Amino acid sequence: MEESRRGLDSYLAEERRRCEAHYAESCRQRAEAKRVKVEEQHRRAEEIRRTAEENHRIAEESRRRAEELYRRLEEQHRRAEEQRRRVEIEQRQTEEQRSRG
């Protein structure tokens, strides 16, 4: 009877060790899976950050180009307006000379 009890205790102790080892392995696998997932999230976040920085750089460059084009357009408009005024003055002077002539 005693021997049977020791055998049962030994069997139960071995089963307990196996269960603990299995649980520990399961925990390790879950932790590893979580680590991989977090690393992937960090990688994606870094990718998104780099893309956002690049988009911001492109937007800034586009804004600078648009401002430069607008300045050029304003300058062209100013010159055209000056030219129009000169032509108007010349036409008036020509008209006045004809009427006096």
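For the structure itself, look to the data block above.
Residues numbered from 1 in each chain as written. Predicted model: local features only at pLDDT ≥ 70, side-chain atom pairs only at ≥ 80, totals over all residues. Heavy atoms only, no water.

Draft legend 1. Local environment of the overall build of the protein. For the protein, the helix and strand inventory stands at 1 helix and 0 strands. Computed over C-alpha atoms, the radius of gyration of the protein comes to 43 Å, more than 25% over the 13 Å expected from 2.2 N^0.38 for 101 residues, which places it beyond the range of a compact globule. Taken along its principal axes, the extent of the C-alpha atoms in the protein is 145 × 10 × 5 Å. Out of the 101 residues belonging to the protein, those deemed buried represent 0%. (Helix = DSSP H or I, 4+ residues; strand = E, 2+ residues; numbered from the N terminus. Rg over C-alpha atoms; globule rule 2.2 N^0.38 Å. Buried < 20%, exposed > 50% of the residue type's maximum accessible area, 1.4 Å probe, protein only.)

Draft legend 2. How the structure looks around a nonpolar patch on the surface. Taken together, the side chains of L8, Y11 and L12 present a nonpolar region at the surface, about 320 Å² in accessible area. For L12, the position within the fold is in helix α1 (residues 2–100). L12 gets classed as partly exposed once you look at its relative accessible area, which sits at 46%. (Patch = residues over 30% accessible without salt bridge, like charges linked within 9 Å, V, L, I, M, F, W, Y side chains within 5 Å. Areas by Shrake-Rupley, 256 points an atom, 1.4 Å probe, with all protein chains shown as cover. Salt bridge = Lys/Arg side-chain N within 4 Å of Asp/Glu carboxyl O.)

Draft legend 3. Highlighting the state of the cysteines. Tallying each qualifying case throughout the model produces 0 disulfides. Residue C19 stays outside any disulfide, its sulfur separated by 13 Å from that of C27, the closest cysteine. (Disulfide = S-S within 2.5 Å.)

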